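Reading the structure
What follows is each chain in one-letter form.
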Amino acid sequence: MKYDYDVIIIGAGMAGMYMLHKLREVGLSAKVFEAGHDVGGTWYWNRYPGARVDIESQEYSFSFSPELEEEWVWTERYASQPEILRYLNHVADRFDLRRDIQFNSRVKSAHYDAANHLWRVDTENGDSVHARFCVSATGCLSVPNEPNFPGQERFAGPTYHTGRWPHEGVDLSGKRVAIIGTGSSSIQSITEIAGQVGQLYVFQRTPNFSVPAHNGPANPEVRKNWLANRAENRMAQRQTLGGFLSSVPNEQKASETGDNERRKVYEERWADGGFAILGAFADQSSDPASNALVAQFAAEKIREIVRDPKVAEKLTPKDYPFGAKRLCVDTGYYQNFNRPNVELVDLNETPLDTITEKGVATSEKEYEVDAIIFAIGFDAMTGALTRMDIRGREGRTLVDSWAEGPKTYLGIMVSGFPNLFTITGPGSPSVLSNMVVSIEQHVEWLADLFVFMRDSNMVEIEPTAHAQEFWVEHVNEVSNYTVYNYANSWYLGANIPGKPRVFMPYAGGVGAYRDLCAAIAANAYMGFKLK
Ligand code: N01
């Protein structure tokens, strides 16, 4: 049977954009369907005030084109959302990507036709195309966790979700504002809007650990050094645990380090900013006792910054390890609680009862506000995939296959769903890493696979059930060596009522994972059935 494209790509964020570019390079035809009306994915949608990246700019960028790296100059150490979006628009222009991207086109379904080894992909607009391969580049944090608070429809004022912020911006100056949730999106929003609003009520269910970014104008020396050793830096980045070089993990163990020396290391890493502190000691993310030491250090910092000891106490996480929830990186978060117009409402003490016509009511009182911001996160990692009607062999749905949680081989394919690929899918390092590094690795691995199949006249690839079982077990086993399982985080799906509690990303590190993927490809795609 004839088909329209070699590959259909779903999503025109960083993953979809690079996949398209790479496929053109190897001479395969591709079409991208994108729900938004322009490129950028997560950076297209997440326009809430203060949105910025938590990996240093020069590292959070594509490496595939040295010319692109040379010509783009980042203005801040941690780029803001508008700057990243400008960069992605520049990439789209530079590589002429838009001509193969169909915008405003949300994919509704993808069904596998086993007899012809083809995917039929349908959009909500009525497009229907056939392709040999279907690549989902739908992102890990792209489906907002929809607010479902009692009474929310009664609220008379406007409501906003951080993950779907209006493109024209929102003027909150002088307004009374409620923000629900205290994850990264909230922490960044609060820091940006606290000085503008009249009154801000922060509704916190679980406090988060947050570390200073020490953001500022990009240092020209950093850029110079980065470019002077560009190729080496990029190679090295790919062999790390998290996909970035800006902080080197300490090989010393906290449990074997004296108090003074340990304190010095924490202080230095706190002063460095960002994720540096995650690598303070080698046993920090595996040994609960060592982890408690860094948690204690972070608690001291909160007490130093926040003047009211009761508020500082409420802001201090107590029931999960440091780093077990995604660490937040801020530009002065805790300081906001010293402002007279910012009030923390601890939902553990006074639970949120209902949203009223005038504001948010807890068990204690009603907080009257002009606007409510829902900063309640995403249906992470699986949400974008399970929302599409994806059917593999014998019409089996992905939703059914993942009823007990996502099961994949290498986070990139699912048994029973031949020729379907999930870039940075569950079971790959993905959200535990610098996403750009992980995206590039998956895209390049896939391009090699497609070329191999084309050149060997193969039409179908699928992981064996056995290989998938092995991988799911391995992903679980590795997570058991970490502290990740001790927090109710979105990594485990714990933020979405009814979602199976499974640790979704692969904690083995991007370097080890990359080598394994390469070895599997070199060994005739071990664990996959090809024909
Ligand atoms: O979402 P979150 P996010 N009632 O899930 C609370 C990336 N990111 O959008 O912890 C009351 O982290 C929830 O409480 P709890 C980054 O990977 C990066 O902030 O579930 N509260 C939590 O406090 C990040 O981790 C950046 O108890 C409710 C908050 O809402 C990921 O995206 C910036 C609630 C949600 O926090 C997600 O971040 C932004 C309810 N019913 C995002 N439901 C960078 O810095 C949820 N909450 C790069």
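Just above, that's the structure.
Per chain, the residues get numbers from 1 upward, laid out in the order the sequence is written. Local features in a predicted model are, by the rule used here, given only for residues with pLDDT of at least 70; side-chain atom pairs are given and counted only at 80 or more, and totals for whole chains, interfaces and linings are based on all residues. Where side-chain values are given, they derive from all heavy atoms of the structure, hydrogens and water being excluded.

The next thing to look at is the site of the ligand. In this text, near means that some heavy atom of the residue lies within 4 Å of the molecule or strand in question. If you check the shell around the ligand, you find 24 residues, and the closest are Thr 182, Ser 185, Arg 205, Thr 206 and Lys 325. Per-residue accessibility takes into account occlusion by the displayed protein chains alone, with areas from the Shrake-Rupley method and a 1.4 Å probe. Summarising the interface, the protein chains cover 87% of the accessible area of the ligand, which totals 910 Å² for the free molecule. Lys, Arg, Asp and Glu make up the charged group, whereas Ala, Val, Leu, Ile, Met, Phe, Trp, Tyr, Cys and Pro make up the nonpolar group; the residues left over, Gly among them, are polar. Residues of the shell around the ligand, tallied by class, amount to 10 nonpolar, nine polar and five charged.

This brings us to the pattern of salt bridges. Salt bridge, as applied in this entry: a Lys or Arg side-chain nitrogen positioned within 4 Å of an Asp or Glu carboxyl oxygen. Scanning the entire structure with this criterion turns up 32 salt bridges. For the salt bridge of Glu 221 with Lys 224, the shortest nitrogen-to-oxygen distance reads 3.7 Å. Here Lys 224 and Glu 221 lie together in helix H6 (residues 220-228), a separation of three residues that amounts to about one turn. In this structure, the salt-bridge partner of Lys 264 is Glu 268, at a minimum N-O distance of 3.7 Å. Of this pair, Lys 264 and Glu 268 both sit in helix H8 (residues 259-272), separated by four residues, roughly a single helical turn. Each residue is assigned to one of three classes by its accessible area relative to the maximum for its type, calculated with a 1.4 Å probe on protein chains only: buried under 20%, partly exposed between the two thresholds, exposed over 50%. For Lys 264, a relative accessible area of 48% gives the class partly exposed. Each helix is a run of DSSP H or I of at least 4 residues and each strand a run of E of at least 2, with the numbering of both proceeding from the N terminus.

Further remarks concern the sheet that holds strand S14 (residues 359-362). Remark on secondary structure: sheet strands pair via backbone hydrogen bonds, oriented parallel or antiparallel. Pairs of strands are assigned from DSSP output, requiring at least two bridges between the strands. Taking strand neighbours across the sheet as the criterion, the three strands line up as S13-S14-S15 in an open arrangement whose pairing is antiparallel. Two strands bound the open sheet, and with one partner strand each, they are strand S13 (352-355) and strand S15 (366-368). With strand direction ignored, the average angle separating the axes of adjacent strands in the sheet is 20°. With three bridges joining them, S13 and S14 adopt antiparallel strand pairing. Paired with Ile 355 across the two strands is Val 360, which belongs to S14. Fitting a line to C-alpha atoms yields each axis, with helices limited to the stretch in contact; the angle taken between N-to-C directions then spans 0 to 180 degrees.

Right, let's talk about the pairing of strand S6 (residues 128-136) for a bit. Of all nine residues in S6, eight are buried, a share of seventy percent or more. Across five bridges, the pairing between strand S1 (residues 5-10) and S6 is parallel. From the neighbouring strand, Ile 10 faces S6, where its bridge partner is Ser 136. Taken together, the four bridges between strand S5 (residues 118-123) and S6 define a ladder with antiparallel strand orientation.

Once that is clear, we can look at the pairing of S1. The buried fraction of S1 amounts to five of the six residues, a majority that puts the element mostly inside the structure. Where S1 lies against strand S2 (residues 30-33), four bridges are found, and the strand directions are parallel. Among the inter-strand pairings, Val 7 is bridged to a residue of S2, identified as Ala 30. Orient the strands so they point away from the viewer; a crossover is then right-handed if the path from the first strand over the helix to the second runs clockwise. In the classification by handedness, the crossover that spans S1, the intervening helix H1 (residues 14-25) and the parallel S2 is right-handed.

A few words now on the nonpolar core. Among the nonpolar cores identified, the biggest contains 97 residues, and Ile 9, Phe 62, Leu 446 and Phe 450 are the most heavily contacted of them. Tallying contributions element by element places helix H13 (residues 435-455) first for this core, with nine residues. Two residues qualify as a contact provided that any one of their heavy atoms is within 4.5 Å of a heavy atom in the partner residue. Among all residues touching Leu 446, those that are not within four sequence positions of it are Met 19, Val 135, Ile 412, Phe 421 and Ile 423. Within this scheme, the nonpolar core is defined by two criteria: the residues are buried Ala, Val, Leu, Ile, Met, Phe, Trp, Tyr or Cys, and they are joined through side-chain atoms within 4.5 Å. Judged by nonpolar contacts, the second largest core, of 28 residues, contains Tyr 160, Ala 194, Tyr 333 and Leu 344.

Attention now moves to H1. Given a rise of 1.5 Å per residue, 12 residues ought to cover 16 Å, and the 17 Å separating the end C-alpha atoms of H1 matches this to within 8%. The set of residues buried in H1 consists of Met 14, Ala 15, Gly 16, Met 17, Tyr 18, Met 19, Leu 20, His 21, Lys 22 and Leu 23. Buried residues along H1 sit against S1, S2, helix H4 (81-94), strand S3 (101-102), S6 and H13. One or two residues past the end of H1 sits Gly 27, with phi positive at roughly 80°. The length a helix should cover is 1.5 Å for every residue beyond the first.

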